[in-house]
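Single-letter residue listing:
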Amino acid sequence: MDKNFYITTPIYYVNDRPHIGHAYTSVACDVMARFKRLSGHNVRFLTGTDEHGQKVEKSAAVAGVAPLALADANSQHFRDLTGLMNISNDDFIRTTEPRHISSAQTLWKKMQDNGHIYLGSYSGWYSVRDEAYYQESELVGGKAPTGADVEWVEEPSYFFKLSAFGDKLLELYETTTGFIGPDTRRNEIVSFVKGGLRDLSISRTTFSWGIPVPGDTKHIMYVWLDALANYLSALGYPDTDTPLYKDFWPASLHMVGKDIIRFHTVYWPAFLMAADLPLPEKIFAHGWWTIEGEKMSKSLGNAIAPKALVDEFGLDQSRWFLMREVPFGNDGNFARERVIALINSDLANNIGNLVQRTLSMIAKNCDGVLPSKGQGADESISVDLPKLTGMIEECHFDKYATEIVRYASEANEYIDKKAPWTLKKNGDVKGMGIVLYALAESIRKIAILCQAIMPDASAKILDQLAIAPEQRSFRYLNAEFALIPGVHLEPPQPVFPRFLEKAA
Ligand code: MSP
């Protein structure tokens, strides 16, 4: 098995501040990165900001500041988002950094030296909001298919010979299973490419906020070519002779939203082929969130700031909601009442209640000492790690969360069935101990699994079970690392309080 794993978020535009859509992509990548680390992989996790292009330049003009000043301020907000959401990224790249500029320019030169770039002129529609070119035939009522405004552009431009890559791309989709996920997106892309590809305009001359085209500084690079190169820049490209590059390129997974799948599964592999570079292994597109049934938008002013979510509901509660609420890949709706319902049903009443009941019985009835497990195997839940791994590999984060809930329900049913309080009342202290041991061991396993989604809360539970920090990876799920009877446990602290609406 290849133990190196390189995962990336899209890099976020700095025209605006982070909202929960951005937090969603980052948390999903973080769950994947943490899961892989817990499985023993050597993980590299990249996020960052996309700072060039007309959209950022225009927003800066509206704000009356220089583009770099806007980029500096908003990039910092995205960096703060990683702290706020407890994102475990190893690097944060900005496309205005020298390391990225030289990498993007080298990529360009490589594509050019290989004969895939020519000078021409572009006339057609462009959407600044989408940073995308559209055919006349794609427009719907004079707008981009996304609903964004378009403007007519006529200017000298370098072109990338994308039209020459259609067959190679189709072969890629055909031969590399899972290159595009989920399948519905794959089918969309296959039919798009089958429809025929046109050469792509990859430079602009009518504004200046971008990376100069090598050898022709009247042009700046098309922001998507610039942005996509970030995945290489952060590994030190063009220096390909370093452990960082050798260990982590090609990327294992580029996670993206459904709106940017075409850039990642058509343009990006074609650019890489043109530069003779290896291709990423997988691109997975998640769906979009609406807010209480409405599209999230600046004009409606309904975007939810991740900080507001975390402040009201708690960090791990917010991460749990984002991963558990919607089948990953589908669109989802953010409704406050659903956040509260999930916090109370999954976390407070199920996982939290299991932990609280078990640990307080041990504290009260066993002097805080973990009782003996009795003869033979204990009766703790059995965890199907290969099944859970399959779910994460398919990016079914919601199924993973649901499976954890199922384990907790199983343990709660066990406690109700065995009724350790009755055993105690009847004087069967040994029997009670065996049940409490099995429950504590089930909790240990559940908390180990929860670490990928809820790192802080899981750490609190594992601390309460006196598990050493270096014994919390998935390897320790094995029975040979089960809890050791006789260990002293501190009195429990509640981990998942019920969420109560404040009286108005
Ligand atoms: N800068 C480009 C990406 C370049 S990657 C080489 C970009 N940036 S973005 O800030 O507009 O979007 C970043 C990510 O946030 C995308 O994956 C997008 O799908 C995601 N989301 C933005 N709004 C969203 C929702 N309402 N819901 C879910 N995700 C959303 O695109």
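Just so we're clear, the structure is a prediction, and the values are computed from it rather than from any experiment.

Draft legend 1. Seen up close, the sheet that holds strand β11 (residues 212-213). In space, the 3 strands of this open sheet follow the order β10-β12-β11, with antiparallel pairing throughout. Looking along the sheet, the strands with just one partner apiece sit at the ends: β10 (203-204) and β11. Looking at chain direction, β10 and strand β12 (residues 216-221) are connected through 2 bridges and run antiparallel. Across the sheet, the residue bridging to arginine 204 is isoleucine 220, located in β12.

Draft legend 2. Examining the environment of valine 383 more closely. Mapping valine 383 onto the fold places it in the loop between α13 (336-365) and α14 (385-393). You can call valine 383 partly exposed: its relative accessible area is 23%. Considered as a pair, valine 383 and alanine 459 are 76 residues apart in the sequence and their alpha carbons are 19 Å apart.

Draft legend 3. Spotlight on the packing of aromatic side chains. A complete count under the given rule lists 28 aromatic pairs for this structure. Put simply, the rings of Tyr24, Phe284, Trp289, Phe321, Phe328, Phe334 and Phe397 pair up and form one aromatic cluster. Over the ring of tyrosine 126 we find arginine 204, and its NZ or CZ is 4.5 Å from the ring centre. Arginine 406 extends its terminal NZ or CZ atom over the ring of tyrosine 407, reaching a point 5.5 Å from the ring centre.

Draft legend 4. Up close: helix α2 (residues 54-63). Every buried residue of α2 is listed here: Gln54, Lys55, Val56, Ser59 and Ala60. Looking at the buried side of α2, the elements it contacts are β2 (12-13), β3 (42-50), α3 (67-84), β5 (117-127), β7 (151-160) and β10. One or two positions beyond α2, positive phi appears at glycine 64, with a value near 70 degrees.

Draft legend 5. Structural view of the packing of helix α5 (residues 166-175) against helix α6 (residues 183-194). Contact geometry for α5 and α6: axes closest at 10 Å, N-to-C directions at 160 degrees. The pairing of α5 with α6 is recorded here as roughly antiparallel in orientation. For α5 against α6, the interelement crossing comes out left-handed. Between α5, through Gly166, Leu169, Leu170, Tyr173 and Glu174, and α6, the contact on the second element is made entirely by Arg186, Ile189, Val190, Val193 and Lys194.

Draft legend 6. Looking closely at the pattern of salt bridges. This model, assessed by the stated rule, comprises 29 salt bridges. A salt bridge links aspartate 72 to arginine 94; the nearest nitrogen and oxygen atoms lie 2.7 Å apart. Here aspartate 72 is found in helix α3, whereas its partner arginine 94 is found in strand β4 (residues 91-94), with 22 residues between them in sequence. For aspartate 72, a relative accessible area of 37% corresponds to the partly exposed category.

Reading guide: rules and limits
- Residues numbered from 1 in each chain as written.
- Predicted model: local features only at pLDDT ≥ 70, side-chain atom pairs only at ≥ 80, totals over all residues.
- Heavy atoms only, no water.
- Pairing = 2+ DSSP bridges.
- Helix = DSSP H or I, 4+ residues; strand = E, 2+ residues; numbered from the N terminus.
- Buried < 20%, exposed > 50% of the residue type's maximum accessible area, 1.4 Å probe, protein only.
- Phe/Tyr/Trp six-rings, centres within 6.5 Å; stacked < 30°, edge-to-face > 60°.
- Lys NZ or Arg CZ within 6 Å of the ring centre and 35° of its normal.
- Contact = heavy atoms within 4.5 Å.
- Axes fitted to C-alpha atoms, helices over the stretch in contact; angles between N-to-C directions.
- Parallel < 35°, antiparallel > 145°, perpendicular 65-115°, else oblique.
- Left-handed = near helix turned anticlockwise from the far one by under 90°.
- Salt bridge = Lys/Arg side-chain N within 4 Å of Asp/Glu carboxyl O.

Geometry only, nothing functional implied.
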